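Spelled out, the chains give:
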Amino acid sequence: MSTGMRVGVGYDSHRFGEGGPMRLGGIDIPADRHCAGHSDGDAICHAVTDAILGAAGLGDIGEMFPDTDAANKGKDSVVMLAAAVERLHAAGWRVGNVDITVITQRPRIGPHRSAMRERLAAVLQVDAGDVFVKGKTNEGLGWIGREEGLGVIATATVVRA
């Protein structure tokens with residue numbers, strides 16, 4: 001028997017590629033590098049997509065948008081997140097809230113937090129107060145600390161519509 005609320009967790013990581021801008025949270029951040037990936041590399045959107053789909057038991061981003069499909073090459077991750085929200089609504093769920101942690105030495109997340117929250121909230125069809133984005137460093141440790149890439153963890157609640 002299902003309750004009226006569920007929780008999902010999403011994770012994504014991307015190595016950095018040369019040249020910017022960096023696309024994160026549906027916005028472009030001025031940078032000399034970007035998150036390399038089959039799509040536009042927006043690790044925040046990818047983690048949030050997995051979190052909401054997982055919470056509702058509706059699959060994952062790789063199932064909806066496989067990297068083996070050439071049609072997904074360079075795809076806008078906001079479009080993928082919007083499609084996941086449509087799938088969520090069709091199954092009788094809606095997003096309650098989303099909490100996101102970006103683990104990176106740079107870019108600094110704080111200066112871009114408000115714009116990311118506004119952009120993600122619009123796609124998720126919630127208030128900006130229902131979306132939070134935090135940045136954490138890896139204290140110089142490991143591949144993230146060496147600035148080879150970044151990681152994102154997202155938690156989402158979904159509630160019966």
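Our subject is the structure that appears above.
These notes cover the structure that comes with them. All figures in this text were calculated on a predicted structure; none of them were measured in a lab. (Residues numbered from 1 in each chain as written. Predicted model: local features only at pLDDT ≥ 70, side-chain atom pairs only at ≥ 80, totals over all residues. Heavy atoms only, no water.)

This next bit is on the overall build of the protein chain. On a plain count of helices and strands, the protein chain comes out with five helices and seven strands. Counting from the amino terminus, helix and strand elements in the protein chain follow one another as β-β-β-β-α-α-α-β-α-β-α-β. The C-alpha radius of gyration of the protein chain comes to 15 Å, within 12% of the 15 Å expected for a compact globule of 161 residues. Long-range pairs, those at least 24 residues apart, make up 72% of the contacts in the protein chain with a sequence separation of at least 6. Carbon and sulfur atoms make up 50% of the accessible area of the protein chain, which totals about 7,600 Å². (Helix = DSSP H or I, 4+ residues; strand = E, 2+ residues; numbered from the N terminus. Rg over C-alpha atoms; globule rule 2.2 N^0.38 Å. Contact = heavy atoms within 4.5 Å. Areas by Shrake-Rupley, 256 points an atom, 1.4 Å probe, with all protein chains shown as cover.)

A word on the pattern of salt bridges. Going through the model one piece at a time under the given rule, you end up with nine salt bridges. Across the pair arginine 23 and aspartate 76 runs a salt bridge whose closest N-O atoms are separated by 3.5 Å. With arginine 23 in strand β2 (residues 22–24) and aspartate 76 in the loop between α2 (61–64) and α3 (77–90), this residue pair connects regions lying 53 residues apart in the sequence. Classification of arginine 23 as buried rests on a relative accessible area of 17%. Of the charged contacts, one joins arginine 106 and aspartate 32 as a salt bridge, the two residues approaching to 3.9 Å between their closest N and O atoms. Highlighted residues: arginine 106 in the loop between β5 (93–103) and α4 (113–124) and aspartate 32 in the loop between β3 (27–29) and β4 (33–35), separated in sequence by 74 residues. (Salt bridge = Lys/Arg side-chain N within 4 Å of Asp/Glu carboxyl O. Buried < 20%, exposed > 50% of the residue type's maximum accessible area, 1.4 Å probe, protein only.)

Running from amino to carboxyl end, helix α1 (residues 43–56) crosses α4 at an angle of 40°, the nearest separation of the two axes being 12 Å. The crossing of α1 and α4 is right-handed. Contacts from Ile44, Cys45, Val48 and Ile52 in α1 reach Met116, Leu120 and Leu124 in α4. Per-class residue counts for the contact of α1 with α4 are seven nonpolar, no polar and no charged. (Axes fitted to C-alpha atoms, helices over the stretch in contact; angles between N-to-C directions. Left-handed = near helix turned anticlockwise from the far one by under 90°. Nonpolar A, V, L, I, M, F, W, Y, C, P; charged D, E, K, R; others polar.)

Note that all results are geometric; they support no functional claim without further evidence.
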